[in-house]
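Listed below are the residues making up each chain.
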Amino acid sequence: MRERYDVAIAGGGPAGSTAAIVLARAGFSVCVLEKDQHPRFHIGESILPRTTPLLKKLGLEEAVLGLTHVPKYGAEFGFGNDHKTRTFLFSDGLIPGSPVFNIERSEFDKLLLDKARQAGAEVYEQRPVKGITKLTEGDVEVATADGPVRARLLLDASGHGTVVGRALNLRRSFQNPELQKVAYFQHFENVERPAGRDTGHPGIFMCAEGWLWMIGLSQTKTSVGFVTRPSFVRALDVAPSRLLQWAIARCPVVRHRMRDATGSAENIVLSDFSYRCRPYAGPGYLMIGDAACFLDPIFSTGVTLAMMGSLHAAGLAARMLRGELSPKTVRRQHCRYIERGTEPFWRLIRAYYKHSFRELFVHGTGPLQMPGAIISVLAGQVFPQQPWKLRWRHRAFDFCVWLQQYRELSPHRAPFYLVDEPPVHLPLITSLGTGSVPEVDRPQVPAGQPEVPAGAMGARASLA
């Protein structure tokens, strides 16, 4: 290990690896401090089309496509109780998107980190940053279990660990309840998926409590998850490790597609969605990827935002280290890039949890090429900023979402509540490892009224 590096990078995920590849290839000394040993499990398996040109630019597309993956040409959206869903193709966007893929992050992330090594970066796995002992312009020092690491610049790519954000008390979660989420997910075998080229379409199935996803990762393996509000979960008498099965049993579309599936009886839990660590840059540091901000995963933005942001940050860092840009200019441009790249997605996420948005989106038609514009935003065509032809149509779509609440632009439909659905026990449930969907004590209710799980009455009322 050197006495001092040009750049120290906290984290070896897609953001940290991308920055390391770019900077090491440019001739800078780079140290990557990664807390885990790759390959390691990570969520976020659906990649946006905007990532394809980026991989080509880095010369990594062929290597990535050599890994097990499922080609992805579009996506599928629908309500969890309606087998008639809406599918769209990225090629139908106002700015057509490239074909992309779904992939297991363990292999994808390992490949990127290996490429950083090959580029000349020094990579130290199982060596997390324990703290920051010095953070000044041109001189930083971080503590590790094996001693301090010094550099001219720190790139924080520590993901949810938010090393700099926590050290400087910058991390802020959103107070809006619709942006406070928890996810329950697992991998399963033999889940039914759309046929032919559509098999790679991520499926998003909406309910008033949140949404469920289904993402094909290989010929037989599928990622399945349930995203909801922590406040709703607290009202249920269900163990966190069994929440996914609880949701599957009450979602007709997902339940049907998983009738022959097998997998673990218990799910993984990920919470603390949607936060920012502003400012994203300061004396001695730039934040990239999830270390800067984390968005609700509904539109699969994580990897694309991380890699696009780190590519831009690495370019700025290189120019600063060469003396071509002032630190103040680099910080300003970096913060502006993150704000411009994430703003369209924040707006879509906030709109997504409105029932009027879901009615319009599933209907799939509209004037002024608005559907094509929204498809392009979903494909990630917002870098370095959202083009004007997408921006004004996005604003017009926001107005339609508001108006849909009062006038029927698209057919109105009743929201679908998981708590209104009685659980159905299928072979799926008994074949999931050794467990089953937990039985929930169900109260006696008057005839003609929907049954709800114990403790969910208050949750149902708060969702209305």
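Just so you know, these numbers come straight off a predicted model, no measurement behind them. (Residues numbered from 1 in each chain as written. Predicted model: local features only at pLDDT ≥ 70, side-chain atom pairs only at ≥ 80, totals over all residues. Heavy atoms only, no water.)

**Here's the deal with the sheet that holds strand β18 (residues 275-277)**
Rules: Paired strands, in this sense, are two strands between which DSSP finds at least two bridges. The helix count covers DSSP runs of H or I at least four residues long, the strand count covers runs of E at least two residues long, and both are numbered beginning at the N terminus.
With antiparallel pairing, three strands are arranged side by side in an open sheet as β11-β18-β21. The outermost strands of the open sheet, each flanked by one partner alone, are β11 (171-173) and β21 (293-294). Two strands pair when backbone bridges link them, and β11 and β18 are joined in this way by three bridges, in the antiparallel orientation. From the neighbouring strand, Arg171 faces β18, where its bridge partner is Cys277.

**Notes on a positive patch on the surface**
Applicable threshold: The patches described consist of residues with a relative accessible area above 30% and no salt bridge, like charges being joined within 9 Å and nonpolar side chains (Val, Leu, Ile, Met, Phe, Trp, Tyr) within 5 Å. Note on areas: Shrake-Rupley with a 1.4 Å probe; residue coverage comes only from the protein chains shown. By convention in these notes, a salt bridge is any Lys or Arg side-chain nitrogen within 4 Å of a carboxyl oxygen on Asp or Glu. Charge convention: Lys and Arg are scored as positive, Asp and Glu as negative, and His as well as the terminal groups of each chain are ignored. Charged side chains are reduced to one point each, which is NZ for Lys, CZ for Arg, CG for Asp and CD for Glu.
Taken together, the side chains of Lys328, Arg332, Arg336 and Arg340 define a basic patch exposed on the protein surface. Along the chain, Arg336 falls in helix α10 (residues 327-352).

**Regarding the packing of helix α11 (residues 355-363) against helix α13 (residues 388-404)**
Here is the rule we go by: For every element, the axis is a line fit to its C-alpha atoms; helices are fit only across the contacting stretch, and the angle between N-to-C directions ranges from 0 to 180 degrees. By definition in this entry, angles of less than 35 degrees are roughly parallel, angles greater than 145 are roughly antiparallel, angles of 65 to 115 are roughly perpendicular, and the rest are oblique. By the definition used in this description, the sense in which the near helix is turned from the far one sets the handedness, with an anticlockwise turn below a right angle giving left-handed and a clockwise turn giving right-handed. Contacts are residue-level and defined by heavy atoms, with any inter-residue pair within 4.5 Å sufficient. Ten residues, namely Ala, Val, Leu, Ile, Met, Phe, Trp, Tyr, Cys and Pro, are considered nonpolar, four, namely Asp, Glu, Lys and Arg, are considered charged, and the remaining ones, Gly among them, are considered polar.
At a minimum axis separation of 8 Å, α11 and α13 run at an interaxial angle of 115°. Put simply, α11 runs roughly perpendicular to α13. Considering only the axes of α11 and α13, their crossing is right-handed. Packed against α11, whose contacting residues are Ser356, Phe357, Glu359 and Leu360, the element α13 presents Phe397, Cys400, Val401 and Gln404 at the interface. Class assignment for the residues of the contact of α11 with α13 results in five nonpolar, two polar and one charged.

**Looking at unusual backbone geometry**
As a reminder of what qualifies: Exposure is judged per residue with a 1.4 Å probe applied to protein chains only, and the accessible area is read against the type maximum: over 50% gives exposed, under 20% gives buried, and values in between give partly exposed.
Put simply, His38 and Pro39 share a cis peptide bond, and its omega is 0°. A cis amide bond, omega -5°, links Arg278 with the succeeding residue Pro279. In this fold, Pro279 is placed in the loop between β18 and β19 (281-282). The phi dihedral of Leu368 falls on the positive side, at around 60°, and the residue is not glycine. On the secondary structure map, Leu368 appears in the loop between α11 and α12 (370-378). The exposed category is assigned to Leu368, whose relative accessible area is 52%.

**Notes on the pattern of salt bridges**
For the structure shown, the criterion picks out 22 salt bridges. Across the salt bridge formed by Asp36 and Lys35, the nearest N and O atoms sit 3.1 Å from each other. For Asp36, a relative accessible area of 25% puts it in the partly exposed group. The partner of Arg319 in a salt bridge is Glu324, with the nearest N and O atoms 3.7 Å apart. Note on Arg319: relative accessible area 38%, which makes it partly exposed. Classification of Glu324 by relative accessible area gives partly exposed; the value is 46%. It is possible to trace a salt-bridge network through shared partners that takes in Lys35, Asp36, Arg40, Arg105 and Asp109.

**Details of the pairing of strand β5 (residues 86-89)**
The alternating pattern of β5 places Arg86 and Phe88 on a buried face and Thr87 and Leu89 on a face that is not buried. Following strand β4 (residues 74-79), the chain reverses through six residues before pairing antiparallel with β5.

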